[in-house]
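# Notes for the structure review
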Amino acid sequence: MCLAVPGKIVSIDDCIGDVDFGGVIRKANLSMVEAQVGDWAVVHAGYAIQIMDEEDAQETIRLWNEVVEFDKKNSE
């Protein structure tokens, strides 16, 4: 299974961006999208594959957090 996670682009140097995933900063290749600092990007395997608006990004993060909490409760 493949997962793509939204993160906020906090800096860009050429085609590499620093992306904030809830306080964890990771580098991502931005060459496949038109991105600016402050944009939310869906990142998979180190590549930004889509730019999304903040509302959709926050909703995706909220849903992932629900899945994680559900899994924690049911694995105890």
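Reading the values: the criteria
Residues numbered from 1 in each chain as written. Predicted model: local features only at pLDDT ≥ 70, side-chain atom pairs only at ≥ 80, totals over all residues. Heavy atoms only, no water. Helix = DSSP H or I, 4+ residues; strand = E, 2+ residues; numbered from the N terminus. Buried < 20%, exposed > 50% of the residue type's maximum accessible area, 1.4 Å probe, protein only. Contact = heavy atoms within 4.5 Å. Patch = residues over 30% accessible without salt bridge, like charges linked within 9 Å, V, L, I, M, F, W, Y side chains within 5 Å. Areas by Shrake-Rupley, 256 points an atom, 1.4 Å probe, with all protein chains shown as cover. Salt bridge = Lys/Arg side-chain N within 4 Å of Asp/Glu carboxyl O. Core = buried A, V, L, I, M, F, W, Y, C linked by side-chain atoms within 4.5 Å. Pairing = 2+ DSSP bridges.

A tally of helices and strands in the protein yields one helix and five strands. Along the chain direction, N to C, the helices and strands of the protein fall in the order β-β-β-β-β-α. Per-residue burial for the protein yields a buried fraction of 22% across its 76 residues. Of the contacts made within the protein by residues no fewer than 6 positions apart, 35% connect residues no fewer than 24 positions apart.

Together, Leu 3, Val 5, Trp 64 and Val 67 make up a nonpolar patch on the protein surface, roughly 330 Å² of accessible area in all. Mapped onto the elements, Trp 64 comes out in helix α1 (residues 54-75). Take Trp 64: its relative accessible area is 35%, and that puts it in the partly exposed class.

Core analysis: the biggest nonpolar cluster contains eight residues, these being Ile 9, Val 19, Ala 28, Leu 30, Val 33, Ala 41, Val 43 and Ala 48. Val 33 has contacts with Ala 48, Ile 49, Gln 50 and Ile 51, leaving out every residue within four places of it along the chain.

Below, the discussion takes up the pairing of strand β2 (residues 16-21). Strand direction decides the pairing type here: strand β1 (residues 5-13) and β2, joined by five bridges, are antiparallel. Bridging from a neighbouring strand, Lys 8 pairs with Asp 20 of β2. Hairpin connection between β1 and β2: a loop of two residues separates the two successive antiparallel strands, and Asp 14 in this loop has a positive phi of roughly 60 degrees. Sheet analysis places β2 next to strand β3 (residues 24-29), joined by six bridges and oriented antiparallel. By the bridge assignment for β3, Asp 18 is matched with Lys 27. Where β2 hands over to β3, the hairpin turn is made up of two residues, of which Gly 22 adopts a positive phi near 65 degrees.

The subject of this paragraph is the pattern of salt bridges. With the rule as written, the count across this model stands at four salt bridges. Note that Lys 27 is salt-bridged to Asp 18, the shortest N-O span being 2.7 Å. Put simply, Lys 72 and Glu 69 hold a salt bridge, and the shortest N to O gap is 3.7 Å. Remark: Glu 69 and Lys 72 occur in helix α1; sequence separation between them is three residues, near one turn of the helix. On the basis of relative accessibility, which here comes to 44%, the residue Lys 72 falls in the partly exposed class. Residues participating in the shared-partner salt-bridge network are Glu 59, Arg 62 and Glu 66.

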